[in-house]
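Structural characterization, general
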Amino acid sequence: MTSEWLTPSTRSELIENLVSGVDRYNPSNVSILEDYLYHQIRSEEYDCLANLAILKLYQFNPELYNPDVVINILIKALTASPLPDFNLCISLLDERPLNAQLDEPDPLPTVLPILKGLHSLLFRCRFPAFWEIYQSAELENLRDNYTVEVAGFEDAVRAVAIRAVRATFTRISSERLGSYLNLSSSDLIAYIQKLGWPVDSSTSVVTIPPNPDNQIEATVVQESVKLPQLTKIIAHSVAKA
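Predicted model, so just to flag it, every value in this text is computed and none were measured.

Quick notes on the rules
All chains use their own residue numbering, which begins from 1 and follows the written sequence. Only residues with pLDDT of at least 70 are given local features in this predicted model, and only at 80 or more are side-chain atom pairs given and counted; all residues enter the totals for whole chains, interfaces and linings. The side-chain quantities take in all heavy atoms of the structure and omit both hydrogens and water. Strands are runs of DSSP state E lasting at least two residues, helices are runs of H or I lasting at least four, and both sets are numbered from the N terminus onward. Here a polar contact is recorded for every N or O atom pair within 3.5 Å, except that within protein the pair must consist of a potential hydrogen donor and a potential acceptor, and residues adjacent in sequence are included only if both atoms are side-chain atoms. Residues are treated as being in contact if the distance between any of their heavy atoms lies within 4.5 Å.

Below, the discussion takes up the side chain of N51. Secondary-structure assignment places N51 in helix α4 (residues 48-60). Among the polar contacts listed, one links the side chain of N51 to the side chain of Q40, at a separation of 3.0 Å. Every residue in contact with N51, bar those within four places of it in the chain, is listed here: L37, Q40, Y46 and I73.

This is the structure:
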C-alpha cells in the first residue's frame, strides 16, 4: 500500500519526473499538475504526492493560487481516510500566503471548515453522522459545485467505511452496515453482493470474511533465562536481604 501511495500505477512518466525531481518547484509546471488533478477527478484515480506538489507551488508562488483547485485536492484527500493525506494538505494551507490576487471572493475560508468537519467524522468512523451532514441543506453548495464533479465521490466514502468494517467486525447487521454506507433495500443488497460478503437470509446478518485485522490471535511470549543469569539474580536478592 505504501508503494502505491508513493508511486501510483496510474502516474505517467511525465508526472513522475515532475513529482520526484527538482522540477516540482518550477512554477511553470503548475498547469500540468492542475490538469493531472482534474484527470484524477474525472477518472477516480488519486495521487497525493502530485497534489501536494501543487499546494507547495501555491505556497511559494501566491499569484498561482486557485481556490477551486485547493478545494478539489482536499475533497480527493478526504476519501483517503484514515491515511494522513488530508492533514498533510492542511499543513501546507496553514502557511499559505494571503496576498493572492483573485477576481472573485475566495470560497476556501467558507468551505475549509466544512471539509475539516467531514474529515473528522470519517476519521472517527462516524459514518451515519457524515452522511446526515453531507446531505443536509447547509452543504448543498458543496455538493452542487464541487463533489458532483468528483467521479465516484460517494463510493469512495463508502470504501472508507468498508475498510473500517473489515478491520473491526466479523459479523454486522445489514441495517447497521446500510447506515454506514448510506444504502438500503436493493441498493444495499447489490453492494454487499459486489463485495462477496455472505448474508444470513433469516437474520440479515452479514459475515465479514477473515482478514489479518479482524482476527484475534493469542500471542505467547517466552523468556529464556540461562542458569548463570538466574544464579546472579538469586545471589543479588540474597545480598539485598
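Turning to unusual backbone geometry, a few remarks are in order. Along the chain, S81 connects to P82 via a cis peptide bond; the corresponding omega equals 10°. Within the secondary structure, P82 is located in the loop between α5 (67-78) and α6 (85-93). We note that S204 has phi near 60°; this positive angle belongs to a residue other than glycine. Tracing the backbone shows S204 in the loop between β2 (199-200) and β3 (205-207).

We now examine the side chain of N211. Mapping N211 onto the fold places it in the loop between β3 and α13 (227-240). At 3.4 Å, the side chain of N211 forms a polar contact with the backbone oxygen of P209. Within polar-contact distance, the side chain of N211 engages the backbone nitrogen of D213 at 2.8 Å.

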